[in-house]
Amino acid sequence: MKITSFDHYKEVYKHSVDQPEDFWAGIADSFLWKKKWDKVLEWNFKEPNIKWFQGAKLNITENCLDRHLETLRDKPAIIWEPNDPKEDHRVLTYRQLYKKVCQFANVLKNNGAKKGDRICIYMPMVPELAIALLACARIGAIHSVVFGGFSAQSIADRILDAECNIVITADGGFRGNKETPLKSIIDDALVRCPSVQKVIVLTRTRTPVAMIKGRDVWWEDEIKKVETQGIKDCPAEEMDAEDMLFILYTSGSTGKPKGVVHTCGGYMVYAGYTFDTSFQYQPNEVYFCTADIGWITGHSYIVYGPLSQGATSLMFEGIPTWPDAGRFWDIVDKFKVNIIYTAPTAIRSLMSFGEEPLNGKDLSSLTKLGSVGEPINEEAWHWFDEKIGHGHCPIVDTWWQTENGGHMITPIAGITPLKPGYASLPLPGVQPVLVDEKGTIIEGNEVSGNLCIRFPWPGMLRTTYGDHERCRQTYFATYPDMYFTGDGCSRDADGYYRITGRVDDVLNVSGHRIGTAEVENAINMHSTVVESAVVGYPHDIKGQGVYAFVVSPNMHDDPELTRKDIMMTVARIIGAIAKPDKIQFVSGLPKTRSGKIMRRILRKIAEGDTSNLGDTSTLLDPAVVEEIKAGAL
Ligand code: WTA
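The model shown is predicted, which means the values in this text are computed figures rather than measured ones.

Take Ser 251: it is sitting in the loop between β14 (244–250) and β15 (258–263). Exposure remark for Ser 251: the relative accessible area of 6% places this residue in the buried category. Engagement of the side chain of Ser 251 in a polar contact is seen with the side chain of Glu 518, the distance being 2.6 Å. Residues within four places of Ser 251 in sequence aside, it is in contact with Pro 257, Lys 258, Val 506, Arg 513, Ile 514, Gly 515 and Glu 518.

Quick look at the structure:
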């Protein structure tokens, strides 16, 4: 939606609150439906039961591909920059992408895939990853993308939870100077996953892989088969608005990651609407989102959002610091990027290299900047603004979550007056509130509380896969009739929102969501560990680091070796992204008489603030606190 002024925003916002159904019907009208809805919205947050655009029929790929074929057929849909700058980049026009998606959708069908199947995708950041998602959507199969940094164990858990019958992967993936043997990791995962009938393997690194007869097939061979069969198109499966589109696993404060479920109609409208509105995308702009498609940002803002709006989406296989810390700026220069959407952790990491990597890079094509994933500190905001945007590019600091499907609180580029560190104001259609501990709504400004949303929006999660009660418990039970985000937040005198970070046991490490309970479970798997407690602490680059207090009375003589073994254990169980930054061995954990770990105390110690630990009189063994303080890292 194009917003023409700040006053216009306020008007539209008011309308969206006064007449939400009318507002959303208007937005949804700009999408392509096979059949329009009978009812815009039905909802209650008690069960919860949320249904948008009931009765409507659609296929999201017709919005992302078919509807652009007439007007944008030769426009680049995806520009792909490889990890190695010496390798050629690739451009897929809308017509070419359409053809490839249809081809691969037919490959899926040839391999037994059908509507409603769950398909696990574990791939590097190559165009075929986007093609795989769209091909699943084309035939009505539900994709479950697993980020390439997760371990075999994590993949197996996700495959089992969703009962996937097909896996799409690659021989390996390149990231910086590392090569990850993706297929071999899948092979390890599949030992535990009898439901998987087929594994489709793309060639990327040409590393040797085991190909199991009857189960494993090469992507390229399967495409050839489709070509020789002479099948060209693949009709888009007709989906109900509330049919599942995808599952994406994300961490919470307890237990294993849960499968957040997004549905076809609402998610399509929300991803497209937010992309268009927040970035105020103009035809012919080149848009570069640096996220990985393994996370929600990549789903909504590399694939579905931009493609549904006919945008050119630039996709990058590598990392910001390889071959050197000027890589993003080389890409901006090379493709004359207009919009770059990245994460504070990347900005802070690049800042630490100084200005040398910026020398000789022409960034004058940039008109808009975006930030996502964690609070952006003022220093990083100003660096982004001055060194990258040269003071004339608005920064949209977009707050949202996997469960939200798309942006919730964010400036609108060029419209909303900016304040560094503030996600600013809700998009039209989003109704945030701050509540106190009891769940009472805090009115007025210059206040802070827990951030909730009191009215549904089309992109919100509908359930957690296979466990609706867990969805209710996690998001809708803390405060009645509200969706609870898990974030703390303040609202300033101008009504601007500033997200202060999670108020639950979820960490945000380099913009990745990690549950402390998950890391503790992994650490406790190590043979010498009796128990552990994991908390976050401020980290200059990562935002938060992982600090583990570990009780390991019978450890190896060499604590350093045990520390490394524990790291390896976490990498095996969850993945390298969850490895603790610090491990402190302790003789016991501070517990109350009822056996509850006093995390508040551990958090303070991890933050290096031991001056005032508050009341420790209720502790079972106060002496343990002194010991932990003395040994703090
Ligand atoms: C945090 C990522 C401050 C927040 C899209 C949220 C942010 C969690 C911002 C969701 C932002 C995301 N400012 N904090 N602009 N964006 N967060 O599910 O704590 O990976 O709850 O979704 O990231 O992380 P998730």
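That shown, we press on.
Moving on: the domain arrangement of the protein chain. Domain assignment breaks the protein chain into domain 1 (6–452) and domain 2 (506–630). Relative to domain 2, the C-alpha centre of domain 1 lies at a distance of 33 Å. Taken together, the contact between domain 1 and domain 2 spans 23 residues of the former and 21 residues of the latter. Contact between domain 1 and domain 2 buries roughly 1600 Å² in total, counting both sides, with carbon and sulfur atoms accounting for 49%. Among the residues of domain 1 in contact with domain 2, Ser 251, Thr 345 and Arg 348 are the three that bury the most area, contributing 27% of the side total. The interface formed by domain 1 and domain 2 holds 1 salt bridge in total. Where Glu 403 meets Arg 513, a salt bridge forms, and the shortest distance between an N and an O atom there is 2.9 Å.

This part takes up the packing of helix α9 (residues 264–279) against helix α10 (residues 296–308). Put simply, α9 and α10 touch, their axes get as near as 8 Å, and they point 90° apart. For the element pair α9 / α10, the angle class is roughly perpendicular. Taking contact as the criterion, the partners of Tyr 267, Ala 271, Gly 272, Thr 274, Phe 275 and Phe 279 in α9 are, on α10, His 299, Ser 300, Tyr 301, Tyr 304, Gly 305, Pro 306 and Ser 308. Classifying every residue of the contact of α9 with α10 gives 7 nonpolar, 6 polar and no charged.

So, on to the sheet that holds strand β24 (residues 483–491). Overall, antiparallel pairing links the 4 strands, which are arranged β21-β22-β24-β25 in an open sheet. The open sheet terminates on both sides in strands that have one partner only, identified here as β21 (432–435) and β25 (497–502). Averaged over neighbouring strand pairs, the angle between their axes works out to 45° when direction is ignored. By the bridge criterion, 4 bridges tie β21 to strand β22 (residues 447–453) in an arrangement that is antiparallel. Across the sheet, residue Pro 432 finds its bridge partner in β22, namely Ile 453.

Attention now goes to helix α2 (residues 20–28). A turn of α-helix holds 3.6 residues, and therefore any two residues three or four places apart point the same way. Every buried residue belonging to α2 is among Pro 20, Phe 23, Trp 24, Ala 25, Ile 27 and Ala 28, and all of these are buried. The secondary structure elements touched by the buried residues of α2 are α1 (6–18), β1 (39–44), β2 (49–54) and α9.

So, on to the site of the ligand. In the neighbourhood of the ligand, 17 residues make up the surrounding shell, with Asp 397, Thr 398, Thr 402, Asp 487 and Arg 513 lying closest. In this structure, a nitrogen atom belonging to the ligand sits 3.4 Å away from a main-chain N or O atom of Pro 375. A distance of 2.6 Å is found between an oxygen atom of the ligand and a side-chain nitrogen or oxygen belonging to Thr 402. Burial of the ligand by the protein chains amounts to 96% of its free accessible area of 530 Å². For the shell around the ligand, the elements supplying multiple residues, two or more each, are α10, β20 (395–398) and β25. Residue composition of the shell around the ligand, grouped by class: 6 nonpolar, 6 polar and 5 charged.

Overall, the coordinates contain 0 disulfides when judged by the stated rule. Here Cys 64 is not cross-linked by a disulfide; its sulfur's nearest cysteine counterpart is in Cys 264, at 11 Å.

With that out of the way, let us pick up the layout of surface pockets. Rolled over the atoms, a probe with the dimensions of a water molecule shows which regions are left empty. The calculated volume of the second largest pocket comes to roughly 380 Å³. Lining the second largest pocket are 21 residues; nearest its centre among them are Tyr 13, Leu 425, Pro 426, Pro 432 and Tyr 497. For the lining of the second largest pocket, the element with the most residues is α1, which contributes 5 residues. Class assignment for the residues of the lining of the second largest pocket results in 13 nonpolar, 3 polar and 5 charged.

Along the chain, Glu 47 connects to Pro 48 via a cis peptide bond; the corresponding omega equals -10°. Here Pro 48 shows up in the loop between β1 and β2. The linkage connecting Trp 322 with the following residue, Pro 323, adopts the cis geometry, with an omega of -5°. With respect to the helices and strands, the residue Pro 323 is situated in the loop between β17 (312–316) and α11 (327–335). Unlike most non-glycine residues, Arg 206 shows phi in positive territory, near 60°. Relative to the helices and strands, Arg 206 is located in the loop between β11 (198–202) and β12 (216–218). The phi dihedral of Asp 481 is positive, around 60°, even though this residue is not glycine.

Cut-offs and rules
- Each chain carries its own residue numbering, running from 1 in the written order of its sequence.
- Reporting of local features is limited, given that this is a predicted model, to residues whose pLDDT is at least 70; pairs of side-chain atoms are given and counted only at 80 or more, and all residues count toward the totals for whole chains, interfaces and linings.
- Neither water nor hydrogens contribute to the side-chain values; these are computed over all heavy atoms in the structure.
- The helix and strand labels rest on DSSP assignments: H or I over at least four residues marks a helix, E over at least two residues marks a strand, and numbering proceeds from the N terminus.
- Buried means the residue's accessible area, taken with a 1.4 Å probe over protein chains only, is under 20% of the maximum for its type, while exposed means over 50%, and partly exposed covers the values in between.
- Here a polar contact means two N or O atoms within 3.5 Å. Within protein one must be a hydrogen donor candidate and the other an acceptor candidate, and residues neighboring in sequence count only if both atoms are side-chain atoms.
- Contacts: residue pairs with any heavy atoms within 4.5 Å of one another.
- Residue ranges assigned to the domains are those given by an automatic or database domain assignment.
- Values labelled buried area give the accessible surface lost by two parts on being combined, using a 1.4 Å probe and summing over both.
- Throughout this description, the term salt bridge denotes a Lys or Arg side-chain nitrogen within 4 Å of a carboxyl oxygen of Asp or Glu.
- To obtain each axis, a line is fitted to C-alpha atoms, and for helices this fit is confined to the stretch in contact; angles are then taken between N-to-C directions over 0 to 180 degrees.
- Orientation categories follow fixed angle ranges, with anything under 35 degrees roughly parallel, anything over 145 roughly antiparallel, 65 to 115 roughly perpendicular, and all other angles oblique.
- Side-chain classes follow a simple rule in which Ala, Val, Leu, Ile, Met, Phe, Trp, Tyr, Cys and Pro form the nonpolar group, Asp, Glu, Lys and Arg form the charged group, and the remainder, Gly included, forms the polar group.
- By the convention used here, strands pair only if DSSP detects at least 2 bridges between them.
- Whether a residue is near a molecule or strand is decided by its heavy atoms; if any one of them lies within 4 Å of it, the residue is near.
- Computed by Shrake-Rupley with a 1.4 Å probe, the accessible areas treat only the displayed protein chains as cover when residues are assessed.
- We call a pair of cysteine sulfur atoms a disulfide when they lie within 2.5 Å.
- We place a 1 Å grid over just the protein atoms. Points where a 1.4 Å probe fits but has no way out form a cavity, open points with protein on both sides within 12 Å along at least 5 of 7 lines form a pocket, and any residue with an atom within 4 Å of a point lines it.
- Grid points are joined across faces, edges and corners, and a volume is the space filled by probe spheres set on the points.

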